[in-house]
Amino acid sequence: MGEAMLTWARLAVRNLFRNARRSFFTIAAIALGFLAVNVLGGFTAYIFTNLQDSYIYAEANGHMTIFKSGFLDKGKLDPTRYMMGEDEQAKVREVLERHPEVLVSTPQLQISGLLSNGQVSTIFIASGRVPSDVEAIGMQAAEGSKRVRLYDGRPLSDVIGHGIGVSHGLAKALSLELGATGVAMAPTVAGQINALDVELFQLIDAPVEALEDKLALVPLKFAQELYDTTGVDRITVLLDSTARTDAMRALLAAELKQAGLNLEIKTWNELSPFYTKVKKMFDVIFLISFLIVFTIVVMSVVNTFTMAVMERTREIGTLRALGVKRRGIVILFSLESVVLGGFGSLLGVALTLLVVYLVGWLQPSWIPPQIARRVPLQIHLVPAYWLFSTLLLLLLSMLSAIVPARRAARMPITNALGYA
């Protein structure tokens, strides 16, 4: 049986080279289809990874965020009611410290108020964070993300509490430059007006245009002093692996509940609807492109084997007269199509590797969504896409040859021998 299949395979390979030009163009069509699908797939994988790393690491939002229950629904109207006090923070830290999977846990406090340059004032919205923890989260990013700095100026400091960062639009509105001073004003948790001096350490890139004229970053100590509180409204958690997010969320939620804490945990993708929307959009784009490319490939293979069957009808009749069954004819052409698809896929793999190498060598850059800086463009190698594309191409090539082959095999032997 094995010897017979080997003989059929040799015949299939030889038959492909009987019309080398047609076979070459069909192999090229398959290879270019493989290239198009997998380069697009590699680019979309890069987009997803880039957006994910940007939110988790570059923006220091971590894999999970712990809130007091009800904060996301009612916290904007009454934020002080949903703050975590020092005792609650200590209990949360105690739970998190039991798990080596937790690399960084850091408290945050979102604040808002007025920022003044001494002449005019405008509204600001700020995230109060521990600068050293933000840096620690950023250091866990992939090498490409580490090189992207989302601000101009110098880093915020745990020691210098009055150093802040504001978005380019906010700085422009107040005519502030790096090193300039101003005053931040906001009501405390007790309802009194408080004011603190600030120095502009950095100009930051707002992730969305709506925040361009009001976003600020401040040290957590500054935010707590301005609000006159020791509380925080969230605790950000960074894990050693994104894949652990859902499992760790369930585990930590159970342990926090056992500790008597009324808290809720949200994962990074739940807090980043933009990522979900972009992923769905690119999934649709990839599916449409995939269908278009593979339709073209299938039509090319069908055309090739329709012509081959027509030209070899007398040969098919001769084989049938020698005792080859109809199934044998179909198997022969199916093997030819599989070999054709295999050669096309191998060439497609080579072309894809070449494109990936050229992109890595040329190191082009672009400005992706939610990042105002140029970042390196990459094409990721996605083995699952490659395997799926190869298997599908082989299957489609085989199916494309079966229809004309079955039609020719069913032709009466006398008609086939006399076909011209």
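Residues numbered from 1 in each chain as written. Predicted model: local features only at pLDDT ≥ 70, side-chain atom pairs only at ≥ 80, totals over all residues. Heavy atoms only, no water.

With that settled, consider the overall build of the chain. When helices and strands are tallied, the chain shows 14 helices and 12 strands. Since a compact globule built from 420 residues should have a radius of gyration of about 22 Å, the 32 Å found for the chain marks it as more spread out than a globular shape. Taking the principal axes of its C-alpha atoms as reference, the chain extends roughly 105 × 50 × 30 Å. A separation of at least 24 residues holds for 80% of the contacts in the chain among residues at least 6 apart in sequence. Accessible surface for the chain amounts to roughly 21,600 Å². Of this, 61% is attributable to carbon and sulfur atoms. Taking the average location of the 39 positive side-chain charges in the chain and that of its 35 negative ones, the two points are 19 Å from each other. (Helix = DSSP H or I, 4+ residues; strand = E, 2+ residues; numbered from the N terminus. Rg over C-alpha atoms; globule rule 2.2 N^0.38 Å. Contact = heavy atoms within 4.5 Å. Areas by Shrake-Rupley, 256 points an atom, 1.4 Å probe, with all protein chains shown as cover. Lys, Arg positive; Asp, Glu negative; His and termini not counted. Charge placed at Lys NZ, Arg CZ, Asp CG, Glu CD.)

So, about the nonpolar core. I66, I111, L115, F124 and V166 are the most contacted members of the largest nonpolar core, which has 43 residues in total. The contacts of F124, once residues within four sequence positions are left out, are I111, S112, G113, L114, L115, L170, A184, M185, K214, A216 and L226. With 24 residues, the next largest nonpolar core counts I30, F294, I316 and A401 among its residues. (Core = buried A, V, L, I, M, F, W, Y, C linked by side-chain atoms within 4.5 Å. Buried < 20%, exposed > 50% of the residue type's maximum accessible area, 1.4 Å probe, protein only.)

Turning next to the pattern of salt bridges. What the rule picks out here adds up to 8 salt bridges. Note that R154 is salt-bridged to E199, the shortest N-O span being 3.4 Å. Within this pair, whereas R154 is found in the loop between β4 (151-153) and β5 (163-167), its partner E199 is found in strand β7 (residues 193-204), the two being separated by 45 residues in sequence. Linking E270 and R249 is a salt bridge whose minimum nitrogen-to-oxygen distance equals 3.2 Å. Residue E270 is found in the loop between β10 (263-267) and α10 (273-311), and its partner R249 is found in helix α9 (residues 245-258); the two are separated by 21 residues along the sequence. (Salt bridge = Lys/Arg side-chain N within 4 Å of Asp/Glu carboxyl O.)

Another aspect to go through is the side chain of Q224. Relative to the helices and strands, Q224 is located in helix α8 (residues 220-227). Overall, Q224 belongs to the buried group, its relative accessible area being 17%. Among the polar contacts listed, one links the side chain of Q224 to the backbone oxygen of T230, at a separation of 3.2 Å. Not counting chain neighbours up to four residues away, the residues in contact with Q224 comprise L109, T229, T230, G231 and V232. (Polar contact = N/O pair within 3.5 Å; in protein donor to acceptor, adjacent residues only side chain to side chain.)

What follows deals with the pairing of strand β1 (residues 64-68). In terms of burial, β1 is a largely internal element, 5 of the 5 residues being buried. Covered by surrounding structure in β1 are M64, I66 and K68 together with T65 and F67, the residues of both alternating faces. As paired elements, β1 and strand β9 (residues 234-239) share 3 bridges and run antiparallel to each other. The partner of M64 across the bridge, within β9, is V237. (Pairing = 2+ DSSP bridges.)

To continue, consider helix α11 (residues 313-321). T313, I316, G317 and R320 are the residues of α11 that are buried. Relative to the axis of α11, the buried residues are bounded by an arc of 100° and lie together on one face. Once α11 finishes, G323 follows within two positions and takes phi at roughly 110°, a positive value. (Arc of directions from axis to C-beta.)

By themselves, these are just geometric observations and shouldn't be taken as functional.
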